[in-house]
Amino acid sequence: TDVVDLVAQTLTSRRYAQTANVPILHRKEEFLHRADPRWEQFRTITQAEVEAGLYSDTSRIGYRDQWNELVRAAGGLPQIADFP
């Protein structure tokens with residue numbers, strides 16, 4: 001993954017191939033056209049996550065292990081591994 005900081009004019013590369021606790025992408029429907037067959041599924045998942053309060057502290061949701069712990073605490077919404 002490459003991160004570009006436009007203000008500092010820097011480029012940072014990060015490699016996660018050997019990392020067990022990888023970053024995850026939330027709100028996947030935001031990256032898809034509404035005609036994509038997965039859009040409705042991802043929108044439904046995001047709505048359930050919002051209703052469960054999982055986005056209330058966004059500093060805790062960027063990596064799989066922390067996210068899965070929040071999901072477990074919320075009562076068992078789908079885990080990251082269950083998503084396509």
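Whatever comes next refers back to the structure up there.
Keep in mind that this is a model prediction, so the values were computed, not measured.

K.L.:
Honestly, the overall build of the chain in this entry has me stumped. Any pointers?
P.N.:
When helices and strands are tallied, the chain shows 2 helices and 2 strands. The dimensions of the chain, computed from C-alpha atoms along their principal axes, are 40 × 30 × 25 Å. Sequence separation of at least 24 residues holds for 35% of the intrachain contacts in the chain that already meet a minimum separation of 6. Roughly 6200 Å² of accessible area belongs to the chain as shown, and the carbon and sulfur atoms make up 52% of that amount. Taking the 10 positively charged and 12 negatively charged side chains of the chain as two groups, their mean positions are separated by 2 Å.

K.L.:
Looking at this structure, how should I read the pairing of strand E2 (residues 10–13)?
P.N.:
Looking down a regular strand, the side chains alternate between one sheet face and the other. The pairing of strand E1 (residues 2–5) with E2 spans 4 bridges and is classified as antiparallel. Each bridged residue has a counterpart across the sheet, and for Val3 the counterpart in E2 is Thr12.

K.L.:
Sorry if this is basic, but what is going on with helix H2 (residues 64–73) here?
P.N.:
Side chains three or four residues apart in an α-helix point the same way, a direct result of the helix having 3.6 residues per turn. Residues of H2 that are buried include every one of Trp67, Asn68, Leu70 and Val71, and no others. Down the axis, H2 shows its buried residues gathered within 160° of arc, on one side only. Those residues of H2 that are buried lie in contact with helix H1 (39–51). Following H2 by one or two positions, Gly75 has its phi on the positive side, about 105°.

K.L.:
How do you make sense of the pattern of salt bridges when you look at a structure like this?
P.N.:
Once the charged atoms of two side chains with opposite charge are near each other, the side chains can pair. As enumerated under the stated definition, the model contains 4 salt bridges in all. For Arg15, the salt bridge identified is with Asp2, shortest N-O distance 3.9 Å. On the criterion of sequence distance, the pair formed by Arg15 in the loop between E2 and H1 and Asp2 in strand E1 is long-range, its members being 13 residues apart. Given a relative accessible area of 61%, Arg15 falls into the exposed group. Two residues, Asp36 and Arg38, come together in a salt bridge whose shortest N-O distance is 2.8 Å. For Arg38, a relative accessible area of 39% gives the class partly exposed.

K.L.:
What's the story with a nonpolar patch on the surface in this structure? I'm lost.
P.N.:
Taken together, the side chains of Val4, Leu6 and Leu11 present a nonpolar region at the surface, about 360 Å² in accessible area. Relative to the helices and strands, Val4 resides in strand E1.

K.L.:
Any chance you could explain the environment of Thr10 here in plain terms?
P.N.:
Locating Thr10 in the fold gives a position in strand E2. Given a relative accessible area of 38%, Thr10 falls into the partly exposed group. Sequence separation of Thr10 and Ala52 is 42 residues, and the distance between their C-alpha atoms is 37 Å. Those residues in contact with Thr10, other than ones at most four positions away along the chain, are Val3, Val4 and Asp5.

Criteria and cut-off values
Residues numbered from 1 in each chain as written. Predicted model: local features only at pLDDT ≥ 70, side-chain atom pairs only at ≥ 80, totals over all residues. Heavy atoms only, no water. Helix = DSSP H or I, 4+ residues; strand = E, 2+ residues; numbered from the N terminus. Contact = heavy atoms within 4.5 Å. Areas by Shrake-Rupley, 256 points an atom, 1.4 Å probe, with all protein chains shown as cover. Lys, Arg positive; Asp, Glu negative; His and termini not counted. Charge placed at Lys NZ, Arg CZ, Asp CG, Glu CD. Pairing = 2+ DSSP bridges. Buried < 20%, exposed > 50% of the residue type's maximum accessible area, 1.4 Å probe, protein only. Arc of directions from axis to C-beta. Salt bridge = Lys/Arg side-chain N within 4 Å of Asp/Glu carboxyl O. Patch = residues over 30% accessible without salt bridge, like charges linked within 9 Å, V, L, I, M, F, W, Y side chains within 5 Å.

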